[in-house]
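Residue-level listing of the chains:
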Amino acid sequence: MFNDENENVNLLSPPYDGVNMEVQILGSWIFTHGDVDGLCAGAIALAAYPDANVFFTHPYGLEGDLHEAKDADRIIICDIALSESHLNGLLKAFSKIAETSELIYIDHHPLPEGLSEDEIAGVVVHSLDSSASELTYRFFQSRIDSLHARTAIMGAIGDYLDDTPLIKRLLERWDKRTLYFESGLLIQGIEGQKRNYDLKRSIVYNLANKIPPSFDRMLVELAIQNTHLEEIAIRELRDRAKLYGNVAYILNFPFSHGKTATYIRGLTGAMVGLAGEERRGMIDMSLRASSQKIDLNRILRRITPHLGGSGGGHPMAAGARVPKEKFMEFLRELNECLRGID
Ligand SMILES: [Mn+2]
């Protein structure tokens, strides 16, 4: 239900900024996530349908956004988890759209518990093992230039999913050092640019046109600035991370939650790193695990609801929110679930 980057949770996207709905409503629409995997998946879909409109959304905004696009001829959704809390509405919206339009749903987040792929209307491309970019590349491969193998690789790196059989095979045809440089620019460049949809849309158009990130001077500049901020954050985090059992955590540290969680896990050697912030009485957080033996998605889905919160995501990278006064209890239960895993 949560995307990897938990900061999207409260994001109310204005997805139709500057677009005249009256004239844009027909044709193909691409809805994608604003992280690197989402940008690359969206770019591959755009390469397959170059006239498509591209919009950025997130699990909590998808239902409303689909309503706006209900008259489109074709809707392609990439890298957006199906939110448990919106599931009924989403499934209905999917069915309604699939009656009159082509609907393609491409994603790699775990499906809500109890839901199987064939209960989702439209064409469903779903796998937990690959990035959305890889899945989108595989699906549209016959329609796009083979250079887009590179776009798929960059998206996969963005989601730490570059060790899959296909991505490894594709990487052999490139110099991987150059591709890691390009994807590094993309990853570092969009850091902190959550709602900068103009920047993100231009990145998607460039990628769809096979223009690598290094050709965008503004992106390069942002990447360098963010990397310097990250270096300052790393130095501060060494002294500020707290340990509770096997969990390293920090609250209200003004830096990317995902990266902060990764760093405090690494700096302390803890099994799980957690970075969160207080927002309207809740603690919103990102968590990162150190081992494939830990399934954060399963653990968080199990322990958060009875604390009055919610949580989930990928096995090693997930998000959660719990009421502020339940946070220590949450840490206790999380540790309980980590017991016995080495
Ligand atoms: Mn993804």
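Above this text is the structure in question.
Note that this is a predicted model, so its numbers are computed, not measured.

1. Looking at the sheet that holds strand E10 (residues 310–313)
Next up, step 1: Pairing is mixed across the open sheet formed by 6 strands, whose spatial order is E6-E7-E8-E9-E11-E10. If you trace the sheet from one side to the other, it starts and ends with strand E6 (242–244) and E10, each paired once. For this sheet, the mean inter-axis angle between neighbouring strands, taken without regard to orientation, is 25°.
Next up, step 2: In this sheet, strand E9 (residues 282–289) lies alongside strand E8 (residues 272–279) in antiparallel orientation, the contact comprising 8 bridges. Within E9, the residue paired with Glu 278 across the bridge is Ile 283.
Next up, step 3: Lying on the sheet, helix H11 (residues 257–268) is in contact with E6, strand E7 (247–251), E8 and E9; it crosses E8 at an angle near 140°.
Next up, step 4: Where helix H13 (residues 327–338) meets the sheet, its contacts fall on E6, E7, E8, E9 and strand E11 (317–323), and the angle it forms with E7 comes to roughly 160°.

2. What about the sheet that holds strand E5 (residues 123–126)?
Next up, step 1: The strand order across the open sheet built from 5 strands is E2-E1-E3-E4-E5, with neighbouring strands paired in parallel fashion. If you trace the sheet from one side to the other, it starts and ends with strand E2 (53–56) and E5, each paired once. Sheet twist, expressed as the average angle between the axes of neighbouring strands with direction ignored, equals 15°.
Next up, step 2: The sheet contact formed by strand E1 (residues 28–32) and E2 spans 4 bridges and is parallel. Bridge pairing in E2 places Ile 30 opposite Val 54.
Next up, step 3: Its contacts with the sheet put helix H2 (residues 36–48) on E1, E2 and strand E3 (74–78), and the angle it makes with E1 is roughly 165°.

3. Quick notes on unusual backbone geometry
Next up, step 1: One non-glycine residue with positive phi stands out, namely Asp 79, at about 65°.
Next up, step 2: With respect to the helices and strands, the residue Asp 79 is situated in the loop between E3 and helix H4 (87–100).
Next up, step 3: Even without glycine at this site, Arg 280 takes up a positive phi of about 50°.
Next up, step 4: For Arg 280, the location among the structural elements is in the loop between E8 and E9.
Next up, step 5: Judged by its relative accessible area of 72%, Arg 280 falls in the exposed class.

4. Some points on the coordination of the manganese ion
Next up, step 1: Protein coordination of the manganese ion is provided by Asp 37 (OD), Asp 79 (OD), His 108 (NE2) and Asp 159 (OD), with donor distances spanning 2.1 to 2.3 Å.
Next up, step 2: For the manganese ion, all donor residues lie on one chain, and their spacing in sequence is D-x41-D-x28-H-x50-D. Of this pair, Asp 37 sits in helix H2 while His 108 is found in the loop between strand E4 (102–107) and E5, placing the two residues 71 residues apart along the sequence.

5. Notes on the pattern of salt bridges
Any two side chains of opposite charge can pair, given that their charged atoms come close.
Next up, step 1: Tallied over the full model, the rule gives 14 salt bridges.
Next up, step 2: Two residues, Arg 74 and Glu 102, come together in a salt bridge whose shortest N-O distance is 2.9 Å. One end of the pair, Arg 74, is in strand E3; the other, Glu 102, is in strand E4, with 28 residues separating them in the sequence.
Next up, step 3: Across the pair Arg 235 and Glu 231 runs a salt bridge, and its minimum N-O distance is 2.8 Å. Of this pair, Arg 235 and Glu 231 both sit in helix H10 (residues 217–240), 4 residues apart, which is roughly one turn of that helix.
Next up, step 4: The exposure class assigned to Arg 235 is exposed, which follows from its relative accessible area of 57%.
Next up, step 5: Residues joined in a network through salt bridges with shared partners are Glu 277, Arg 279, Asp 284 and Arg 321.

Calculation notes
- Residues numbered from 1 in each chain as written.
- Predicted model: local features only at pLDDT ≥ 70, side-chain atom pairs only at ≥ 80, totals over all residues.
- Heavy atoms only, no water.
- Pairing = 2+ DSSP bridges.
- Helix = DSSP H or I, 4+ residues; strand = E, 2+ residues; numbered from the N terminus.
- Axes fitted to C-alpha atoms, helices over the stretch in contact; angles between N-to-C directions.
- Contact = heavy atoms within 4.5 Å.
- Buried < 20%, exposed > 50% of the residue type's maximum accessible area, 1.4 Å probe, protein only.
- Donors = N, O, S within 2.8 Å, 3.2 Å for Na, K, Ca; no water.
- Salt bridge = Lys/Arg side-chain N within 4 Å of Asp/Glu carboxyl O.

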